[in-house]
Amino acid sequence: MSKNTASEQAILFDSLDPDRIRVESARKLALETGRTRLLVTGVVLCLAFAALAVRLAELTAFGIPPGVRLASLSPHNKPITARADIRDRNAMLIATSLPTRSLFADPRDVMDIEEAALKLGALLPNLSAEDVRHKLALGGRFQWIARNLTPTQVYAVNRLGLPGFSFRDGERRVYPFGPIFAHVLGYTDVDGRGIAGVERAFDEKLSEPVAPGETRGIDLALDLRFQTILREELAAAQQRFSAVGAAGVVIDAKTGEVLAMASLPDFNPNEPEQALGKNGFNRATKGVYEMGSTFKLFSTATALDSGAVSIADGYDTSEPIKAARFTINDFHGKKRWLSVPEILVYSSNIGTAKMALEVGAKKQKEYMRRFGMLSPAAIEIPEVGHPLYPERWGEISTMTISYGHGIAVSPLHVASGVATLVNGGVMHPPSILKRDANSLIVEERVLAPKTSATMRALMRLVVRFGTGKNADVKGYRVGGKTGTAEKQVGGGYSEDALVSSFVGAFPMNDPRYVVLVVIDEPKGIKSSFGFATGGWVAAPAVKSIVGRIAALTGMLPQDVSDEEPIKPGTPFYIPARATQPAPKIALGGIARAAH
Amino acid sequence: MSTFARTDNSLLGRWWWTIDRWTLMAIIAIAALGAILTLAASPAVAERIGLDNYHFVRRQFVFLPMALIVMLATSMLTPQWVRRVSMVVFVGSLVLMIGVLFFGSEIKGASRWLSFGGFSLQPSEFVKPSFAVMAAWMFSSQRLDDDIPGYAIATGLWMLVVGLLMMQPDFGMTVVVSMVWGVQFFIAGLPWILVLAVALLFLLGGFGAYFTFDHVRARIDRFLDPSQGDGFQVERALSAFQNGGLFGRGPGEGRVKEVLPDAHTDFILAVAGEEFGLLVCLLVVALFAFIVVRGFSRAFKDTDFFVLVATTGLLVQFALQAIINIASTTNLMPPKGMTLPFISYGGSSTVALAFGMGLVLALTRFRPKAGGGL
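Criteria and cut-off values
Residues numbered from 1 in each chain as written. Chains lettered and ligands numbered in written order. Predicted model: local features only at pLDDT ≥ 70, side-chain atom pairs only at ≥ 80, totals over all residues. Heavy atoms only, no water. Helix = DSSP H or I, 4+ residues; strand = E, 2+ residues; numbered from the N terminus. Buried < 20%, exposed > 50% of the residue type's maximum accessible area, 1.4 Å probe, protein only. Contact = heavy atoms within 4.5 Å. Areas by Shrake-Rupley, 256 points an atom, 1.4 Å probe, with all protein chains shown as cover. Core = buried A, V, L, I, M, F, W, Y, C linked by side-chain atoms within 4.5 Å. Phe/Tyr/Trp six-rings, centres within 6.5 Å; stacked < 30°, edge-to-face > 60°. Salt bridge = Lys/Arg side-chain N within 4 Å of Asp/Glu carboxyl O. Axes fitted to C-alpha atoms, helices over the stretch in contact; angles between N-to-C directions. Left-handed = near helix turned anticlockwise from the far one by under 90°. Nonpolar A, V, L, I, M, F, W, Y, C, P; charged D, E, K, R; others polar. Patch = residues over 30% accessible without salt bridge, like charges linked within 9 Å, V, L, I, M, F, W, Y side chains within 5 Å. pLDDT = per-residue confidence, 0-100.

Chemist: Would you mind showing me how to read the overall build of chain A here?
Modeler: Tallying secondary structure elements over chain A gives 17 helices and 18 strands in all. A burial count over chain A gives 52% of its 595 residues as buried. Of the contacts made within chain A by residues no fewer than 6 positions apart, 71% connect residues no fewer than 24 positions apart. Only carbon and sulfur atoms are counted for the fraction: they give 56% of the accessible area of chain A, which is about 26,800 Å².

See the structure below:
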């Protein structure tokens, strides 16, 4: 190191000194090499800083590279595993899952069982100190203590600071409308598995995890409004006539979609234990009943469609039919010759049985099969009852089946069959799922369109002039058929235990909805003149339902003046008054007639 | 800026017109960012270890002005005085480092600190800049005048420092000191064969450390195979960057500071990333890079060979600390206890770095003399 204090200028110009030259050239060389290598060092450091900048950008903007365990840091990419929602046809939420927490204990870690029992027992409803003591005494390493606690309860339990207790995240199925959709929706068990109704039928679909953003859940064909109305009217009828139960179905005649379906008594699926016993029994699909005279609709359609009978035909109904041990009689007996429309309008067993004999057992069975009456209803929910019918379908069976005895089907069968009668003659399997415009609708032709048109006219006549008068709603052209069947009690039929029903459709010039109401064991009351028949019990309920849902759908009342009157001489002419007064009918004997 | 007229010939006036004002401003900008980040990160750490919330903030807000004064004072030195002051600091630091071996307080398995009452000092922080100047002095002396055994002396000093550091032990500091020595060796223009030999030596040293020191091996093993151990701090730091995104979650909205024990020191950039976002992190990197490049360019133009070597050594030390810290935080290399210059909390580190950067500012001043202080 030079200690020379002379100026650099002096050094430069004092260039003749050899020592100076040596030092100067060494300095120049050193600076040159140093600068080159400084450049290299600088470039390397700049690259390092650039790499850091890229790395920072990568970490922030493009997420975390694979290989680093950070699963818990990206909640947004987790598949959604909560059980999916169920919605009605208008996207109203009718079943959903809420996250909850459940309390469990590891009994070995619980330091003071008595303290824990007393504190938890005092804190949580539905949990007594005795319960806690009992559960902790069971031992093991895991015991559920209380399910589905609210956040406030979780906080309170945490505040107790009891060792050995923890929470496990879970979810709870919630049905915002409680019992309204009871049997159709079904319910889940404590582990969230569907065990009845739609919850069970679509359990896999409802519980499969999906990526975020994907739509999930199920859209049902049911309409919350229709369902509420149906259930209310069923409950009112059940109460008024002190019936043991009731069932009802509203079905879209053109697609087979089930818009409402209810069964009483029912339960609140939020409290699944209510579904134990008879409350959980779905009368609309699982229960099979001898439906009585509503079956005359199918018999008449069969007779007309098969060509065995013409609308202009008629039969003498003045004498009961005696076959083997059976006597077939009429309830609203006219004791005279009745035209085919009159047979249906007055619900003549004798006339219907005679028509069925002309069709024959084989053809009748074939039509019954096509109406879907011989197999369980083709609906998605698992609770479907198998129809009951005789193995040997003989002549007597042919006659009784024609008026709805000797064959037992579910109410849904009847509603679905009537939809076929009125919609032009095609069968759509009933569906609990919403059908959108693009979905293929399965259809099978059962009747000629002409037969369907005739049936519509006949059903309207029943409401205008016959047993279904109580179902008429002015301006909506309700058509339908009553049914009253005696229930089999023990070995025979009981006069006091009836299944009274009415199946209707409206408007009959272009039916959109089929409404069925079945009341199980109604008791006659003063305002029904002691009657508990379909026309007095079920028809008024259908009338209320039709009036209310028609208003909801925006359907305006029609001008029905074209309906009045029907001229004598045309096939559909129904005499305003019977030519002979109806004699009092004595019910009795072995055969129990359908009315 | 024009507080002083060009013609002002006073000490301050000359200082103002010859100092690298851009570098000075960049350093002050980094220190200001560091102050904000200390405010963001350290209260959570202080609270967790049971101290008063503003314990670290209060202390750092004493250190930072202290550091500024040290830097400004140092920056007024001439190259000759740079060498003299550095020699004093170097010798003093070495003595204290020997003292550390006997009287040091042991923290996390290493004795690096000397305590005087309520104040503690890490002498090895001060050995780094002073060593860079001493080594540059020795390298440049022999390069310019073969009579002086400068290379041998520089190497001897390096071995002395490294020896003392390994006895603490302090592997990170050893790496930095060795790299500074290596780069200066390279800049001093030694033959390539020797440069390669030094590179090989470092490589062997690295392997040696891996097999000699258990904690070094453990850290490297964990880095190479993350599933093996618990890379908790790094994992949380990475998630913090992701949480932050481009603009950050906002001041005080970060969570990583609540869980990282070193949130206010080694992992402070993770806090910055979470609360202030990528842009602020990039600004920090850019400021460091700017200081280094700016210093290099001033050194490049200088005609004094000693200034070239010394400035390079000091800037390499500064750059390496920043690079190692950021690379550790972003999981680009095994975690290594290294503070982020002027940003991490720490008295010794901040003041020693200020001393080092004061030396850089002093050396890079314009000296209107063609030959430099040869």
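Chemist: Explanation requested: the overall build of chain B in the structure shown.
Modeler: Looking only at helices and strands, one finds 14 helices and three strands in chain B. Within chain B, the fraction of its 374 residues that count as buried is 57%. Within chain B, counting contacts between residues at least 6 apart in sequence, those at least 24 apart form 71% of the total.

Chemist: Looking at this model, I keep getting lost on the nonpolar core. Mind explaining?
Modeler: Note on soluble globular proteins: their nonpolar side chains tend to be buried together. Residues Phe49 of chain A together with Phe131, Leu269, Phe288, Leu340, Phe342 and Met357 of chain B are the most contacted members of the largest nonpolar core, which totals 127 residues. Among the nonpolar cores identified, the runner-up in size contains 82 residues, and Met261, Phe295, Leu338 and Val446 of chain A belong to it.

Chemist: In this structure, what is going on with the packing of aromatic side chains? I would like to understand it.
Modeler: Describing an aromatic ring pair means giving the distance of the ring centres and the angle of the ring planes. Residue and element names in this part refer to chain A. Summed over the entire model, instances satisfying the criterion amount to 27 aromatic pairs over all chains. Their ring planes at 25° and their centres at 4.6 Å tell us that Phe104 and Phe142 sit as a pair that is stacked. Here the residue Phe104 occupies a position in strand 2 (residues 93–105), and Phe142 occupies one in the loop between helix 4 (129–137) and strand 3 (143–149), the gap between them amounting to 38 residues. A relative accessible area of 31% places Phe142 in the partly exposed class. Ring geometry for Phe531 versus Trp536: centroids 6.2 Å apart, planes at 10°, classification stacked. Classification of Phe531 as partly exposed rests on a relative accessible area of 35%.

Chemist: So what exactly am I meant to see when it comes to the pattern of salt bridges here?
Modeler: Side-chain pairs of opposite charge can arise where the charged atoms are in close proximity. Residue and element names in this part refer to chain A. This structure, assessed with the given rule, holds 27 salt bridges over all chains. Residues Arg83 and Asp203 are paired through a salt bridge, measuring 2.7 Å at the closest nitrogen-oxygen approach. Taken together, the residues span a long stretch of sequence, with Arg83 in the loop between helix 2 (18–61) and strand 1 (86–87) and Asp203 in helix 8 (residues 203–207) at a distance of 120 residues. The residues Arg83 and Asp203 share a single accessibility class, namely buried. The closest approach of N and O atoms between Arg193 and Asp189, which form a salt bridge, is 3.5 Å.

Chemist: Would you mind showing me how to read the packing of helix 7 (residues 171–187) of chain B against helix 13 (residues 305–329) of chain B here?
Modeler: Think of two packed helices as two axes; the pair is described by the angle between the axes and how far apart they sit. Residue and element names in this part refer to chain B. At their nearest, the axes of helix 7 and helix 13 sit 9 Å apart, and the two run at 145° to each other. Like other packed secondary-structure pairs, helix 7 and helix 13 cross with a definite hand, here right-handed. For the pair formed by helix 7 and helix 13, the contact residues are Val176, Met179, Val180, Val183, Gln184 and Ile187 on the first element and Phe305, Leu308, Val309, Ala310, Thr312, Gly313, Val316, Gln317, Leu320 and Ile324 on the second. Grouping the constituent residues of the contact of helix 7 with helix 13 by class yields twelve nonpolar, four polar and no charged.

Chemist: Any chance you could explain a nonpolar patch on the surface here in plain terms?
Modeler: A cluster of nonpolar side chains, contributed by Leu200, Leu203, Leu204, Phe207 and Phe211 of chain B, occupies part of the molecular surface with about 570 Å² of accessible area. Among the secondary structure elements, Leu204 of chain B is positioned in helix 8 (residues 192–212).

Chemist: What is the right way to read the environment of Leu56 of chain A from this model?
Modeler: In this fold, Leu56 of chain A is placed in helix 2. Not counting residues within four places of it along the chain, the set of residues in contact with Leu56 of chain A comprises Phe241, Leu269, Leu278, Cys281, Leu282, Val285, Ile326 and Thr330 of chain B.

Chemist: Please explain the confidence of the model for chain B as it appears in this structure.
Modeler: Regions with low pLDDT should not have their predicted coordinates read in detail. Residues and elements named next belong to chain B. For chain B, mean pLDDT is 86; residues scoring 70 or higher make up 94% of the total. The model gives residues 370–374 a pLDDT under 50, and that stretch makes 22 contacts with residues more than four places away or in other chains. The ipTM assigned to the predicted complex is 0.91, against a pTM of 0.54.

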